[in-house]
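Read off the chains here:
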Amino acid sequence: MRFFILWIAAILLSGCVTEKHYTLTETDTKNGTVRFSCNFTMFERPEVAADPPLHVLAWQECRKLGYPLVKVEPKQETLCLEKSSNGDYCVNTLVSRIYQCASDTSGER
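Quick summary incoming for the structure in this document.

What counts as what
Residue positions are given per chain, counting from 1 as you read along its sequence in written order. Predicted model: local features are reported for residues with pLDDT of at least 70 only, side-chain atom pairs are reported and counted for 80 or more only, and whole-chain, interface and lining totals are derived from all residues. In computing side-chain properties, one takes all heavy atoms of the structure into account and sets aside hydrogens as well as water. Numbered from the N terminus, helices here are DSSP runs of H or I no shorter than four residues, and strands are runs of E no shorter than two. Residue burial is assigned from relative accessible area. The probe radius is 1.4 Å, only protein chains are included, and a residue is buried under 20% of its type maximum, exposed over 50%, and partly exposed in between. Here a residue-residue contact requires only that any non-hydrogen atoms of the pair lie within 4.5 Å. For every accessible area listed, the method is Shrake-Rupley and the probe measures 1.4 Å; residues are considered covered only by the protein chains on display. Side-chain atoms within 4.5 Å are what join buried Ala, Val, Leu, Ile, Met, Phe, Trp, Tyr and Cys residues into a set we call a nonpolar core. Residues forming no salt bridge and having over 30% relative accessible area are the ones grouped into patches, like charges within 9 Å of each other and nonpolar side chains (Val, Leu, Ile, Met, Phe, Trp, Tyr) within 5 Å. For salt bridges, the criterion is a side-chain nitrogen of Lys or Arg within 4 Å of an Asp or Glu carboxyl oxygen. Put simply, a disulfide is two cysteine sulfurs that come within 2.5 Å. In the analysis that follows, any N or O atom pair within 3.5 Å is treated as a polar contact, provided that within protein one partner can donate a hydrogen and the other can accept it, and provided that, for residues neighboring in sequence, both atoms belong to side chains.

## Quick notes on the overall build of the protein chain
Summing up its helical and strand segments, the protein chain has 2 helices and 7 strands in all. Overall, the protein chain shows an N-to-C arrangement of helices and strands of α-β-β-β-β-α-β-β-β. Classification of the 109 residues of the protein chain by burial places 28% in the buried group. For the protein chain, the proportion of contacts with a sequence separation of at least 24, taken over those separated by at least 6, is 61%. Summing over all exposed atoms, the protein chain offers an accessible surface of approximately 7,700 Å²; the carbon and sulfur share of this is 56%.

Okay, structure coming up:
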């Protein structure tokens, strides 16, 4: 019985591999930025789908904003949306990648 309980606990704590997709959550014409986000819970081990690559989607959105280029390295932000009942850990996390659009080859707007 003890082995069974430990086995169940190990499975629950290991988390499930979950395929996640970033979705477009914000575009800012004034600052020339494009934000993609996805969220996951503490029991998920997210694997981000890479088809199509996120920088390609960012480039497409930058073009819609009037910018011909996008910096390939995004800024990443992590935000805890919900903490555990005792506040010790995050149970729901939002991860965002913010891409900077550019208007010339030096990467400046």
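## Description of the nonpolar core
Tyr22, Val34, Phe36, Cys62, Tyr99 and Cys101 are the most contacted members of the largest nonpolar core, which totals 14 residues. Breaking this core down by element, the ones donating at least two residues are strand E3 (33-41), helix H2 (54-65) and strand E7 (90-102). Residues within four places of valine 34 in sequence aside, it is in contact with Leu24, Glu26, Thr27, Ala58, Glu61, Cys62, Leu65, Arg97, Ile98, Tyr99 and Cys101.

## Here's the deal with a nonpolar patch on the surface
A cluster of nonpolar side chains, namely Met42, Phe43 and Tyr89, defines an oily patch on the protein surface of about 290 Å² accessible area. Examined against the element boundaries, tyrosine 89 turns out to sit in the loop between strand E6 (75-83) and E7. On the basis of relative accessibility, which here comes to 42%, the residue tyrosine 89 falls in the partly exposed class.

## Some words on the state of the cysteines
All told, the structure shown has 2 disulfides when counted by the stated rule. Bridging cysteine 62 to cysteine 101, the disulfide has an S-S length of 1.9 Å. Across the S-S bond linking cysteine 62 and cysteine 101, the dihedral sits near -80°, which makes this disulfide left-handed. Note that cysteine 62 is positioned in helix H2 and cysteine 101 in strand E7, a separation of 39 residues in sequence. Overall, the relative accessible area of 0% leaves cysteine 101 in the buried class.

## A few points about the side chain of serine 96
Within the secondary structure, serine 96 is located in strand E7. By relative accessible area, which is 3% here, serine 96 ends up buried. Of the polar contacts made by the side chain of serine 96, one reaches the side chain of serine 37; its length is 2.7 Å.

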